Amino acid sequence: DAGVIQSPRHEVTEMGQEVTLRCKPISGHNSLFWYRQTMMRGLELLIYFNNNVPIDDSGMPEDRFSAKMPNASFSTLKIQPSEPRDSAVYFCASSPTSDGELFFGEGSRLTVL
Amino acid sequence: TQLLEQSPQFLSIQEGENLTVYCNSSSVFSSLQWYRQEPGEGPVLLVTVVTGGEVKKLKRLTFQFGDARKDSSLHITAAQPGDTGLYLCAGNKAAGNKLTFGGGTRVLVKP
């Protein structure tokens, strides 16, 4: 069975550019999570969705970040404009429930120069 | 300050030695999960503990949930290089709530 699929795996961009990260959750999972991981701050929850509806976006750093889930099989995390401090690995995870086991994708490593 | 504090932050041992990593909080959790993350990959669930005092074993790994459900430990017996990775604990304060992750313990097992 396919797991959580994220793209791109790696992205290098210049400050000020728009970045879009994509995620396809496991089919049948009702919850989708976006996390950011850095050495300094560890794994931080940015936003999560239940049944395609954003439930908690209190972890989104600022207005430059936005996330959408137009349907049960696709979500995007957008950063516009990007800044060097946004450099991190961004993980998407899905779960059958909001408090169950998380199934993570392989992550998207973002470098903003 | 993180809700879940993991210690130590880094541990380097020789193959065959034992190790214990800790996950502590001042808050009570309804359940706690342990994940292992290898370089270039996402975290993978190892175990979930839900009952105070619960002990679960997964081959050479032993997980314990504190009686008060505020802390947990992971003990690895006779560590092997394949145990190398970042160990993360994650807790739920109530059913249906989102998971909160600790800062992780990076374990290196040298052959």
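Before reading further, recall that the structure is shown in the block above.
The text that follows walks through the structure, step by step, so that each part is easy to find. (Residues numbered from 1 in each chain as written. Chains lettered and ligands numbered in written order. Predicted model: local features only at pLDDT ≥ 70, side-chain atom pairs only at ≥ 80, totals over all residues. Heavy atoms only, no water.)

**Observations regarding the pattern of salt bridges**
Then comes step 1: Applying the stated criterion across every chain yields a total of 11 salt bridges over all chains.
Then comes step 2: Taking the shortest distance from any N to any O, the salt bridge between R41 of chain A and E44 of chain A comes out at 2.8 Å.
Then comes step 3: Judged by its relative accessible area of 17%, E44 of chain A is buried.
Then comes step 4: For D83 of chain B, the salt bridge goes to R60 of chain B, with nearest N and O atoms at 2.9 Å. One end of the pair, D83 of chain B, is in the loop between strand 8 (71-76) and strand 9 (85-92); the other, R60 of chain B, is in the loop between strand 6 (55-58) and strand 7 (61-65), with 23 residues separating them in the sequence.
Then comes step 5: Assessed through its relative accessible area of 4%, D83 of chain B is described here as buried.
Then comes step 6: Three or more residues are tied together by salt bridges with common partners; here these are E62, R64, E83, R85 and D86 of chain A. (Salt bridge = Lys/Arg side-chain N within 4 Å of Asp/Glu carboxyl O. Buried < 20%, exposed > 50% of the residue type's maximum accessible area, 1.4 Å probe, protein only. Helix = DSSP H or I, 4+ residues; strand = E, 2+ residues; numbered from the N terminus.)

**Things to note about the state of the cysteines**
Residues and elements named next belong to chain A.
Then comes step 1: Scanning the entire structure with this criterion turns up two disulfides over all chains.
Then comes step 2: The disulfide partner of C23 is C92, and the gap between their sulfur atoms is 1.9 Å. Between C23 and C92, the disulfide has an S-S torsion of -65 degrees and is therefore left-handed. Linking C23 in strand 3 (residues 19-24) with C92 in strand 9 (residues 88-95), this pair joins segments that are 69 residues apart in sequence.
Then comes step 3: C23 sits in the buried class, given a relative accessible area of 1%. (Disulfide = S-S within 2.5 Å.)

**Observations regarding the environment of T111 of chain A**
Then comes step 1: Relative to the helices and strands, T111 of chain A is located in strand 11 (residues 108-112).
Then comes step 2: Non-local contacts of T111 of chain A, meaning those with residues more than four positions away in its chain, are made with E11, V12, T13 and S87 of chain A. (Contact = heavy atoms within 4.5 Å.)

**Things to note about the pairing of strand 11 (residues 105-110) of chain B**
Residues and elements named next belong to chain B.
Then comes step 1: Of the two faces of strand 11, only the one carrying T105, V107 and V109 is buried; R106, L108 and K110 on the other face are not.
Then comes step 2: Sheet topology places strand 2 (residues 10-14) next to strand 11; five bridges connect them, and they run parallel. Bridge pairing in strand 11 links F10 to R106.
Then comes step 3: In this structure, strand 9 lies alongside strand 11, joined through three bridges in antiparallel fashion. (Pairing = 2+ DSSP bridges.)

**Remarks on the interface of chain A and chain B**
Then comes step 1: Taken together, the contact between chain A and chain B spans 19 residues of the former and 19 residues of the latter.
Then comes step 2: Summed over both partners, the interface of chain A with chain B comes to about 1400 Å²; 50% of that surface belongs to carbon and sulfur atoms.
Then comes step 3: In terms of surface lost to chain B, no three residues of chain A exceed L43, D99 and F104 of chain A, which account for 31% of the buried area on that side.
Then comes step 4: Where chain A touches chain B, the interface holds zero salt bridges.
Then comes step 5: Taken together, the connections running from chain A to chain B amount to four residue pairs in polar contact (both at pLDDT 80 or more).
Then comes step 6: Looking at the side of chain A that touches chain B residue by residue, the classes come out as eight nonpolar, five polar and six charged. (Buried area = accessible area lost by both parts, 1.4 Å probe. Polar contact = N/O pair within 3.5 Å; in protein donor to acceptor, adjacent residues only side chain to side chain. Nonpolar A, V, L, I, M, F, W, Y, C, P; charged D, E, K, R; others polar.)

**Description of the sheet that holds strand 1 (residues 5-7) of chain A**
Residue and element names in this part refer to chain A.
Then comes step 1: In spatial order, the strands read 1-3-8-7; together these four strands make up an open sheet with antiparallel pairing. Strand pairing shows two members of the sheet lacking a second neighbour, strand 1 and strand 7 (65-71), which therefore form its edges. Mean inter-strand twist for the sheet, computed between neighbouring axes without regard to direction, equals 15 degrees.
Then comes step 2: Note that strand 7 and strand 8 (residues 74-79) share five bridges and pair antiparallel. Residue pairing across strands places N71 opposite F74, the latter belonging to strand 8. (Axes fitted to C-alpha atoms, helices over the stretch in contact; angles between N-to-C directions.)

As far as function goes, none of this settles anything; it's purely spatial.
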